[in-house]
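The residues making up each chain are set out below.
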Amino acid sequence: MTTTYNCTSDDERAQGLEHAQRAISEKKCVVFPTDTVYGIAADAFSPQAVTMLLVSKGRSRTMPPPVLIPRVNALDGLATDVSADARKLAEAFWPGGLTLILHAQPSLDWDLGETKGTVALRMPDDEIAQELLTLTGPLAVSSANRTGHAPGQTAAAAREQLADSVEVYLEGGFRPLEGEAAVPSTIVDATGPRLRVVRNGAVSLDQLREHVPGVLGLGEIPMAEEEPVGAAPVAETPVEAAPVAKTPSGSSVVEPKAPGAAEVTAAPSPDRDSRP
């Protein structure tokens, strides 16, 4: 039975969190507030639960949801080959509006969709979200809305769209505050040799570069290293046609490819509607 709890009341909040924890353990979905907008959540380690989440939203497996975590030290349990630069950003901006795309731990038994071996992780800066994540562990979370509709800014608004596909709604008031525009998290791809912004959001590029100066901005291509003075000239070799990559905004960016260079496959971006 679908139930809404008013989490501005201490008693209802405790009851709601208990019910939400039980619902997650039963592979059902819950809606709760985050520091961006409301999210619909499911057990990240249950393929059945993640499928329920995607069906509730009307999404396919090609748009895997990010995973929200309760603590920074959960990073190493879920991701592998975490670079020092990625770790710097996590330590600087978690909890907060930064999502990191990382290589998923291959030993984990989970199926978030077509992730190509990556996982998008974030630690939200919201008290109710943190309390729930502490009880449940990592959750697969996407914005609490049907695909093509605006994310709900209250649990009541989310329920109008998601109805009985969700077991528990935790109402915590407006997210963001009433009258303010929703700002999604900034997404940084940390699976390559250089960190790269793939979605602008709550954390600006200047803020990122205060901690990691080499972060590439959205659509930015790194400049080729300058040839050392006095170096022997390099013989010209025919270059194959450069592949065309799509930026998150849909525009085309030509990325030069040196002869004999290995093909590089970009990490998939998480659910684009995924604001939490």
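Use the structure listed above.
Predicted model only: the values in this text are computed from it and were never measured.

1. A short note on the overall build of the chain
Part 1 of the argument: Per the secondary structure count, the chain includes 7 helices and 13 strands.
Part 2 of the argument: Intrachain contacts of the chain at a sequence separation of at least 6 include 63% that bridge at least 24 residues.

2. With respect to the nonpolar core
Part 1 of the argument: By size, the foremost hydrophobic cluster in this structure holds 46 residues, and its most contacted members are Val31, Val67, Trp94, Leu98, Leu102, Leu121 and Leu208.
Part 2 of the argument: Those elements that place two or more of their residues in this core are strand 3 (38–43), helix 2 (47–57), helix 3 (75–78), helix 4 (84–93), strand 6 (98–104), strand 7 (118–122) and helix 6 (155–162).
Part 3 of the argument: Beyond its immediate sequence surroundings of up to four residues, valine 67 is in contact with Ala44, Leu78, Trp110, Leu112, Val119, Ala120, Leu121, Arg122, Pro138, Leu139 and Ala140.
Part 4 of the argument: In this structure, Cys7, Leu132, Leu139 and Val168 belong to the second largest nonpolar core, which totals 18 residues.

3. Description of helix 2
Part 1 of the argument: Looking at helix 2, one finds that the buried residues are Ala49, Val50, Leu53, Leu54, Ser56 and Lys57. For helix 2, the buried positions fall inside an angular range of 160 degrees around the axis, keeping them on one side. Opposite its buried face, helix 2 presents the exposed residues Gln48 and Val55, each directed more than 90 degrees away.
Part 2 of the argument: Here the buried face of helix 2 lies against strand 3, strand 8 (139–143) and helix 6.

4. Points about the pattern of salt bridges
Part 1 of the argument: Counting across every chain of the model gives 11 salt bridges.
Part 2 of the argument: Across the pair arginine 122 and aspartate 35 runs a salt bridge, and its minimum N-O distance is 2.8 Å. Placement of arginine 122 in strand 7 and of aspartate 35 in the loop between strand 2 (30–33) and strand 3 is noted, with a sequence separation of 87 residues between them.
Part 3 of the argument: On the basis of relative accessible area, arginine 122 is assigned to the buried category, the value being 0%.
Part 4 of the argument: We classify aspartate 35 as partly exposed; its relative accessible area is 26%.
Part 5 of the argument: The partner of arginine 87 in a salt bridge is aspartate 76, and the shortest N-O contact between them spans 3.1 Å. Of this pair, arginine 87 sits in helix 4 while aspartate 76 is found in helix 3, placing the two residues 11 residues apart along the sequence.
Part 6 of the argument: Exposure remark for aspartate 76: the relative accessible area of 39% places this residue in the partly exposed category.

5. Structural notes on the side chain of aspartate 189
Part 1 of the argument: Summarising the element assignment, aspartate 189 is placed in strand 10 (residues 186–189).
Part 2 of the argument: For the buried residue aspartate 189, which engages in no salt bridge, the nearest side chain bearing the opposite charge is arginine 196, 5.9 Å off.
Part 3 of the argument: Separated by 2.6 Å, the side chains of aspartate 189 and threonine 191 make a polar contact.

6. A word on the packing of helix 1 (residues 10–25) against helix 5 (residues 127–136)
Part 1 of the argument: Look at helix 1 against helix 5: their axes get within 10 Å of each other, and the N-to-C directions meet at 45 degrees. Between helix 1 and helix 5, the crossing angle belongs to the class labelled oblique. Pair helix 1 / helix 5 crosses with right-handed handedness. Of the residues in helix 5, those touching helix 1 at Arg13, Leu17, Ala20, Gln21 and Ile24 are Glu127, Ile128, Glu131, Leu132, Leu135 and Thr136.

7. Points about the side chain of aspartate 43
Part 1 of the argument: Among the secondary structure elements, aspartate 43 is positioned in strand 3.
Part 2 of the argument: Judged by its relative accessible area of 14%, aspartate 43 is buried.
Part 3 of the argument: Reaching out from aspartate 43, the side chain makes a polar contact with the backbone nitrogen of phenylalanine 45 at a distance of 2.9 Å.

8. Re the packing of aromatic side chains
Centre distance and the angle of the planes are the two values used to describe a pair of aromatic rings.
Part 1 of the argument: Counted according to the given criterion, the structure contains 1 aromatic pair.
Part 2 of the argument: When the centroid spacing of 5.4 Å and the interplanar angle of 15 degrees are considered together, the rings of phenylalanine 45 and tryptophan 110 count as stacked. Separated by 65 residues along the polypeptide, phenylalanine 45 in the loop between strand 3 and helix 2 and tryptophan 110 in the loop between strand 6 and strand 7 bring together distant segments of the chain.
Part 3 of the argument: The partly exposed category is assigned to phenylalanine 45, whose relative accessible area is 32%.

How each quantity is defined
- Residues numbered from 1 in each chain as written.
- Predicted model: local features only at pLDDT ≥ 70, side-chain atom pairs only at ≥ 80, totals over all residues.
- Heavy atoms only, no water.
- Helix = DSSP H or I, 4+ residues; strand = E, 2+ residues; numbered from the N terminus.
- Contact = heavy atoms within 4.5 Å.
- Core = buried A, V, L, I, M, F, W, Y, C linked by side-chain atoms within 4.5 Å.
- Buried < 20%, exposed > 50% of the residue type's maximum accessible area, 1.4 Å probe, protein only.
- Arc of directions from axis to C-beta.
- Salt bridge = Lys/Arg side-chain N within 4 Å of Asp/Glu carboxyl O.
- Lys, Arg positive; Asp, Glu negative; His and termini not counted.
- Polar contact = N/O pair within 3.5 Å; in protein donor to acceptor, adjacent residues only side chain to side chain.
- Axes fitted to C-alpha atoms, helices over the stretch in contact; angles between N-to-C directions.
- Parallel < 35°, antiparallel > 145°, perpendicular 65-115°, else oblique.
- Left-handed = near helix turned anticlockwise from the far one by under 90°.
- Phe/Tyr/Trp six-rings, centres within 6.5 Å; stacked < 30°, edge-to-face > 60°.

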